[in-house]
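Reading the structure
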Amino acid sequence: MSDTDRVMPEHPPVTDWIHDFDHTDQRWTDNPYPIWDEMRKASPVVHTNRFQGCYLPTTYEAVRQISHDTEHFSSRRVIVRDERPEVVRNAAPPITSDPPEHKPAKQLMLPPFTPDAMKKLEPRVRAICNELIDEFIADGKVDAADRYTKHIPVRTIAHMLGIPESDSDVFIKWIHMILELSIKDESKLMQAVQEMTAYFTGFIEERRRKPTDDLISYLIKAKDKDGQPLDDSQVLGSLRLLLIAGIDTTWSGIGASLWHLAKTPADRDRLIREPELMPTAIEEFLRAYSPVTMAREEMKETVIEGCPVKPNNMVLLSFPAANRDPAMFPDADKVIIDRKENRHAAFGLGIHRCVGSNLARLEMIVAIEEWLKRIPDFRLDPAGRVAWSQGTVRGPRKMPILFGKAK
Amino acid sequence: MAGKLKIKVDPDKCQGHARCKALAPELFELDEFGNAHEVGDGSVPDALVEKAHLARSNCPEFAIDITEE
């Protein structure tokens, strides 16, 4: 079947969020918070027969337990889709790895992403932000999701990998195919993976001949736990992970932070007056507007928070819903930019803690700091509409903003 | 008069979120993988008591203990 005549299966609208939820429903995309509250009030774990069977833990405690339980919950599939694509080796390690393969794969990726390593990257990230702002500041308005927040992570990752920042648009296309289109059309996943492999194979060959100090060269030089160099499938898997996990996640995190500040002048003014509050405010944006929902596959029957969970079901591991649990966070629905105690789970919990969390934090802090320096006065365009992404990663994909006195 | 406080990171619980290092850089160090451990024997100078509590209450893995000697 060709791409054009493939019929996208439509999901019927949800009428019962407790027993028949669907995270691709338009109401979920537009405003998921009341839906999560309704589910949480009903049960710590809810279930749907959609997606061939899927659970969703609604409380922080249930999400924490599942995140720490690699015996009953596998990471071999981390996106909930209509179909269950065949499990492939080295899909995107370590995010798709279980113990015992997980630890060496994770340890390989950690050193380039420590806070100290990120400090060296900071000047380039600041420059990227300012190059982007230069392009639109004179217009008095911008779709900030399309012309600012989207490009910061993709150019930063390209810079780290040592591939041309000008190829950014094609990376964004692959990510859209893998994270959004593939939920209902598996062929998009295959197509994107094939195109990525073709793209990166050339760079891998080039770096083998002539290594540099970029991340592709780091992976080629790296040794596995037996002291052997990584084979091509491991290098490609790691590169896939960096692109898939590092781009629209942070695009969403920066976008949601800017969206909050566009509609909350008091917080914006306070951050301009008290710039030292920025890291704490970013943690609160990460909690309140967590972009990433991961998934697990239930392998062995167990009980979570009194709810029996059975094999052959997927689990939508909603860190965003956990972060809105009032049992864990007082005033969970309020955004408090100087929140003192904030054990949010935006980057996951347990062994799968996001490898790029220090990079994401750096990009979010720098992107908001540079924006506020150049454009301290801004608001959502009342004539425009903010559009949010569907599915696994939540963030603004259209965000028309006016500056200063612009109308 | 309260006793001296000591902090301790449980290496089996720490997953390298690095919140402690961001909030109390004087009290925590990170290894090459970004996982945290306490500086020296974990003694908390009086001036850093508040930072020690802040680090503990922002650890998503509940990996930091504070004890009083």
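The notes below deal with the structure included here. Remember, predicted model here, so these are calculated numbers, not experimental data. Each chain has its residues counted from 1, following the order in which its sequence is written. Key to labels: chains lettered from A, ligands numbered from 1, both in the order written. It should be noted that, the model being predicted, local features are given only for residues of pLDDT at least 70 and side-chain atom pairs only at 80 or more, the latter also being counted only at that level, while totals for whole chains, interfaces and linings use all residues. Side-chain numbers here rest on the full set of heavy atoms in the structure, without hydrogens or water.

Remarks on the sheet that holds strand β8 (residues 314–317) of chain A
Strand pairing within a sheet occurs via backbone hydrogen bonds; the two strands may be parallel or antiparallel. All names here are of chain A. Just so we agree on the cut-off: At least two DSSP bridges between two strands are needed for those strands to be called paired. Every helix listed is a DSSP run of H or I at least four residues long, and every strand listed is a run of E at least two residues long, numbered separately from the N terminus. In this analysis, two residues are considered to be in contact whenever any of their non-hydrogen atoms come within 4.5 Å of each other. Axes here mean lines fitted to C-alpha atoms, for a helix over just the part in contact, with angles spanning 0 to 180 degrees between N-to-C directions.
The mixed open sheet is built from 5 strands, whose spatial order is β1-β2-β8-β5-β3. Where the open sheet ends on each side, the last strands, each with one partner, are β1 (45–48) and β3 (73–74). In terms of strand pairing, strand β2 (residues 54–57) meets β8 through 2 bridges, oriented parallel. Residue pairing in the sheet places Cys 54 in a bridge with Met 314 of β8. Sitting on the sheet, helix α3 (residues 60–68) touches β1, β2, β3, β5 (294–298) and β8, and the angle it makes with β8 is about 120 degrees.

Structural notes on the sheet that holds strand β4 (residues 43–44) of chain B
All names here are of chain B. Across the sheet, which stays open at both edges, the 3 strands sit in the order β4-β1-β5 with antiparallel pairing between neighbours. The sheet terminates laterally at β4 and β5 (64–68), the two strands that pair on one side only. Note that strand β1 (residues 5–9) and β4 share 2 bridges and pair antiparallel. Within the sheet, the bridge partner assigned to Lys 6 lies in β4 and is Ser 43. Helix α2 (residues 49–56) rests against β1, β4 and β5 of the sheet, and its axis sits at about 140 degrees to β5.

Some thoughts on the packing of helix α8 (residues 168–179) of chain A against helix α9 (residues 186–209) of chain A
Residues and elements named next belong to chain A. Short version of the rule: Each angle gets one of four labels, with under 35 degrees taken as roughly parallel, over 145 as roughly antiparallel, 65 to 115 as roughly perpendicular, and the rest as oblique. Each helix crossing is assigned a hand: it is left-handed if the near helix lies turned anticlockwise from the far helix by less than a right angle, otherwise right-handed if that turn is clockwise. Polar here means any residue outside two lists: the nonpolar Ala, Val, Leu, Ile, Met, Phe, Trp, Tyr, Cys and Pro, and the charged Asp, Glu, Lys and Arg; Gly therefore counts as polar.
Packing of α8 against α9 brings their axes to within 8 Å, and their N-to-C directions diverge by 150 degrees. Compared by their axis directions, α8 and α9 come out roughly antiparallel. The hand of the α8/α9 crossing is left-handed. Of α9, the residues touching α8 (which contributes Phe 171, Lys 173, Trp 174, Met 177 and Ile 178) are Lys 188, Leu 189, Gln 191, Ala 192, Glu 195, Met 196 and Tyr 199. Its residues placed into classes, the contact of α8 with α9 shows 8 nonpolar, 1 polar and 3 charged.

Regarding the packing of aromatic side chains
Residue and element names in this part refer to chain A. Basically, it comes down to this: Pairing of aromatic rings covers Phe, Tyr and Trp, the last counted by its six-membered ring, and requires centre-to-centre distances within 6.5 Å; plane angles under 30 degrees mean stacked, over 60 mean edge-to-face, and any other angle means tilted. Relative accessibility under 20% of the residue-type maximum defines a buried residue, over 50% an exposed one, and the middle range a partly exposed one, all with a 1.4 Å probe and only protein chains included.
The final tally for this structure, using the stated rule, is 18 aromatic pairs over all chains. The interplanar angle of 80 degrees and the centroid separation of 5.8 Å between the aromatic rings of Tyr 60 and Phe 329 together place this pair among those described as edge-to-face. One end of the pair, Tyr 60, is in helix α3; the other, Phe 329, is in the loop between α15 (319–322) and α16 (357–374), with 269 residues separating them in the sequence. Accessibility expressed as a relative area gives 3% for Tyr 60, which makes it buried. Between Trp 174 and Tyr 199 the ring centres are 5.5 Å apart and the planes differ by 70 degrees, which places this aromatic pair in the edge-to-face class. Note that Trp 174 is positioned in helix α8 and Tyr 199 in helix α9, a separation of 25 residues in sequence.

Structural notes on the side chain of Arg 324 of chain A
All names here are of chain A. Relative to the helices and strands, Arg 324 resides in the loop between α15 and α16. Here Arg 324 falls in the buried class, since its relative accessible area comes to 6%. Setting aside residues up to four positions removed in sequence, Arg 324 forms contacts with Tyr 33, Asp 37, Arg 40, Arg 287, Ala 288, Tyr 289, Ala 332 and Asp 333.

Some details on the environment of Ile 375 of chain A
Residues and elements named next belong to chain A. Positionally, Ile 375 belongs in the loop between α16 and β9 (378–380). Taking the C-alpha atoms as reference, Ile 375 lies 35 Å from Leu 110; in sequence the two are 265 residues apart. With residues up to four places along the chain from it excluded, the contact list for Ile 375 reads Ile 133, Phe 136, Ile 137 and Phe 403.

Quick look at the nonpolar core
Residues and elements named next belong to chain A. For the record, the criterion: Among buried residues, those of type Ala, Val, Leu, Ile, Met, Phe, Trp, Tyr and Cys that are joined through side-chain atoms within 4.5 Å constitute a nonpolar core.
By size, the foremost hydrophobic cluster in this structure holds 112 residues, and its most contacted members are Tyr 148, Leu 161, Trp 371 and Phe 378. For this core, the element with the highest residue contribution is α16, accounting for 10 residues. Not counting residues up to four positions away in its chain, the partners in contact with Tyr 148 are Cys 129, Leu 132, Ile 133, Phe 136, Asp 143, Leu 258, Ala 367, Glu 370 and Trp 371. If you look at the next biggest cluster of nonpolar residues, it comprises 21 residues, including Tyr 55, Ala 62, Cys 307 and Val 309.

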